[in-house]
Amino acid sequence: MRYIFTAAGFCLLFSGCDTYNGPNSTADRDNTAVNKRDADADTLTPMDQSNAKADIDQVAAIRAAVLEIDDLSINGRNVKIITNQGKVVLRGPVATKAERDAIGKVAEDAAGAGNVNNLLEIQTN
């Protein structure tokens, strides 16, 4: 019995299953434009997160508040929150405009109006 499963595993490994377009597949997504945008020195990425205690505390407070929002998608729960000198940048995909707005409001409540750059992108697929 073990040999049958091993053989089946090899068949799957070498049969091109990387082209599977199931529900969690990313085979049809192309990040080239996003990667080029993020290579720009003016675009903040998680690597730009400050190590100052106040900024780390602010990220923690925003993340905790985001996790308290009801009915967020998995992507909404995992948005990137980047804080540097009290300025917050939100990045990543969300399911709806309502999610984008709710996360943005939580960040503004923590950082203050005018201190949040909401770059959350609404998924189209």
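## Points about the sheet that holds strand 2 (residues 87-94)
Reading across the sheet, the three strands line up as 1-2-3 and stay open at both edges, with mixed pairing between neighbours. Of all the strands in the sheet, the pair left with one neighbour each is strand 1 (80-84) and strand 3 (116-122). Taking the axes of each pair of neighbouring strands and ignoring which way they run, one obtains an average angle of 10° across the sheet. Both strand 1 and strand 2 contribute to a ladder of five bridges, which runs antiparallel. Looking across to strand 2, one finds that isoleucine 82 is bridged to valine 89. Across the sheet, helix 3 (residues 53-67) is in contact with strand 1 and strand 2; its angle to strand 1 comes to roughly 150°. Where helix 5 (residues 97-111) meets the sheet, it contacts strand 2 and strand 3, and its direction lies at approximately 165° from that of strand 3.

## Let's talk about the environment of leucine 67
Among the structural elements, leucine 67 can be located in helix 3. Owing to a relative accessible area of 35%, leucine 67 belongs among the partly exposed residues under this scheme. On a C-alpha basis, the gap between leucine 67 and arginine 77 in space is 6.1 Å, while along the polypeptide they are ten residues apart.

Definitions and cut-offs
Residues numbered from 1 in each chain as written. Predicted model: local features only at pLDDT ≥ 70, side-chain atom pairs only at ≥ 80, totals over all residues. Heavy atoms only, no water. Pairing = 2+ DSSP bridges. Helix = DSSP H or I, 4+ residues; strand = E, 2+ residues; numbered from the N terminus. Axes fitted to C-alpha atoms, helices over the stretch in contact; angles between N-to-C directions. Contact = heavy atoms within 4.5 Å. Buried < 20%, exposed > 50% of the residue type's maximum accessible area, 1.4 Å probe, protein only.

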